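Architecture and fold: a report
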Amino acid sequence: MAVITIHCRLISSKSNRHQLWNLMVQKNTPLINELLLELSQHEDLEQWCELGKLPSGLISKLCDQLKQRAEFEGQPSRFYASAINLVDYIYKSYLRTQRRLRFRLQGQQRWFEMFKSDTEFKNETNFSLTDIRVKARELLDKDLKDSSPDDYFKTYESTSDLLTRSAISYLLKNGRKLPEKPEDYQKFQKRRRKLQIKIEKLQKKIDSSPPMGRNLTNDSWLGMLNLVSNTIPQTDEEAKQWQDQLLRQSKSVPYPVMFNTNEDLRWSKNKKGRLCVTFNGLGKLVFEIYCDQQQLKWFERFYEDQEVKRKGKNQHSSALFTLRSGMLLWQEHEGKQEAWQNNHLTLYCSLDTCFETAEGTELVRQKKVKEVVNLIDAMNNKSERTKTQDAFIKRKQSTLARLDNSFPRPSKPLYQGNQNIVVAVSMSLEYPATIAMFNMSSQEVLTYRSTKQLLDNNYHLLNRQRNQKQRLSHQRHKTQRQNSSDFFTQQESELGQYLDRLLAQSIVSIAKQYQASTILLPNLKNIRDSIQAEIEAKAEAKIPNCKEAQKKYLKNYRINIHHWSYGRLIDSIQLQASKLDILIQEVKQPIRGSPQEKAKQMAILTLE
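Residues numbered from 1 in each chain as written. Predicted model: local features only at pLDDT ≥ 70, side-chain atom pairs only at ≥ 80, totals over all residues. Heavy atoms only, no water.

On the surface, Arg-96, Arg-100, Arg-104, Lys-198, Lys-201, Lys-204 and Lys-205 cluster together into a patch of positive charge. Going through the elements one at a time, helix 4 (77-114) and helix 9 (185-207) are the ones with two or more residues in the positive patch. Per-element tally for the positive patch: the top contributor is helix 9, with four residues. Structurally, the position occupied by Arg-104 is in helix 4. (Patch = residues over 30% accessible without salt bridge, like charges linked within 9 Å, V, L, I, M, F, W, Y side chains within 5 Å. Areas by Shrake-Rupley, 256 points an atom, 1.4 Å probe, with all protein chains shown as cover. Salt bridge = Lys/Arg side-chain N within 4 Å of Asp/Glu carboxyl O. Lys, Arg positive; Asp, Glu negative; His and termini not counted. Charge placed at Lys NZ, Arg CZ, Asp CG, Glu CD. Helix = DSSP H or I, 4+ residues; strand = E, 2+ residues; numbered from the N terminus.)

In structure tokens:
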């Protein structure tokens, strides 16, 4: 099943909104800003970037020190916990990105060392170009036949033979082919310079400043404006940095407050029968729920779960609550009133769709019971236990007793898939998704579905989306340079996301129709290689006898590789499949063949 997010607008009195706004703006957001500042100035930041993670418990220690200061004290405990969780989330994302960028930089630097002209190959290796070409032909015919670029690099790293290394570098430089014409040194120099520029850009991203928080007072912007007005930049780079800071649009609303336990939110109904919510730490502030009918059923379920537990005198476990966590935030909204009146207060809630039915709840209950029993058994197996461990066992036994009492929920049979039926989804440039319904026992394809068949009456939207991307590309570039609101990107993204959902819903619907147990998705790492091979085959078929024309065709067509978000489509399929508990498995997509053949081969690969 899936964890999904719903949201609603919160309505309350002016005094309640004003009080919450002041607490988040004057206390919580400055605390988060200070935590981010201390982390950015820490002496071990470089080491964290290399590792891609923070030391355990570091942010909690920093927060314990800061909350003793007058400007940060007096907040509810949930607000301090939220600040810790939010900063941890921000830095996890930042450090993962840093590690990925550094890994890419190392790869580009390694490739730059391998990237040599034909003359350099001869002078530095003492092998003739003929020797290198002969060895390259041997590798193409045997060891590296139908291999991806990654396989070339792995072979390069695993061998110490200088001739083999030179041949691999020579093949990679020439697109894994033996060139028919002598090397054009000027073109080689241009390619080398492009590689240098790519390395420089990666280095700039790595050297960029870490997360610095939200400045809600615009003090830093006014300071920068004063600096620019009275100081002449020493370099073009410094002038560019000043300009970027002046044009950067900062958030005008405070950081959200995260409630990571489902009992931090208390549900009730007022005299009018309208659903309301209060928050631990903000018990006196009551907010009414405003949302559409589709989401209202879930908020009603949150209330019902809590009422069942209350009436049962806490004999039910909150581990089986439909609600998992909540997030309280302000959404920016224009107006002429005070900020706490203009901006909309919104609540986002995450929930587990397993708890929608009695059958799904029972599966989760059995899983949690097993986990608790294992913990109790592990403690009981210890020869000597402390008082703390005995108290822990007692609490877990109490939890086990509460898990025996399930919540009343509607019955709906669970989806049962046939273990022999799988759906293989291939992805290509022209056809974002093609499926093959495969019977593993008979090794036969039951049916194919093309992108056109999957989208059916909505297929025209695919062409519209492609045309829209090309039409809006230039306009988006202009808005970014002018620092305007990027409406074009938003418009384009919404259509792409809509198509992703349509494709995902259609794929999962067909999987359900054939009672498939598993959906096979291509490994994203392999998709680019597959698409590159597809484009090269198109170029050769379209312009069979002109290498220069083929390269030009490839250059123009290659731009479209990034015009479809394959990762976003895969995420959509995973989300839809999780609602039925259909397994997802990643496999390597073949580089060559039609979309149908690729999908079929993906299924066959799982048999090996």
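One can find Phe-259 in strand 2 (residues 257-259). A residue is classified by how much of its surface remains accessible, and Phe-259, at 0% relative accessible area, is buried. Sequence separation of Phe-259 and Cys-349 is 90 residues, and the distance between their C-alpha atoms is 9.3 Å. If we skip the residues at most four places from it in the chain, Phe-259 touches Arg-78, Asp-264, Leu-265, Phe-279, Asn-280, Ser-325, Gly-326 and Leu-328. (Buried < 20%, exposed > 50% of the residue type's maximum accessible area, 1.4 Å probe, protein only. Contact = heavy atoms within 4.5 Å.)

Next up on the list: unusual backbone geometry. Residues other than glycine seldom take positive phi values, yet Asn-126 does so here, at roughly 65°. Its identity as a non-glycine residue notwithstanding, Gln-443 has a phi of 55°, on the positive side. For Gln-443, the position within the fold is in the loop between strand 9 (434-439) and strand 10 (444-449).

Once that is clear, we can look at the pairing of strand 3 (residues 265-269). Looking down a regular strand, the side chains alternate between one sheet face and the other. Direction of pairing for strand 3 relative to strand 4 (residues 275-279): antiparallel, over a ladder of five bridges. Among the inter-strand pairings, Lys-269 is bridged to a residue of strand 4, identified as Leu-275. The hairpin turn running from strand 3 into strand 4, its antiparallel successor, is five residues long, and Gly-273 in that turn takes a positive phi close to 85°. (Pairing = 2+ DSSP bridges.)

Here the focus is empty space enclosed by the protein. A full pass over the atoms with the stated rule returns one cavity of 30 Å³ or more. Roughly 40 Å³ of internal volume is contained in the largest cavity. What lines the largest cavity is simply Asn-262, Leu-265, Trp-267, Phe-302, Asp-305, Gln-306, Phe-321, Thr-322 and Leu-323. Of all the secondary structure elements, the ones that give two or more residues to the lining of the largest cavity are strand 3 and helix 12 (293-311). With three residues, helix 12 is the largest single contributor of residues to the lining of the largest cavity. (1 Å grid on protein atoms, 1.4 Å probe; cavity = no way out; pocket = protein on both sides within 12 Å on 5 of 7 lines; lining within 4 Å. Points joined across faces, edges and corners; volume = space filled by probe spheres on them.)

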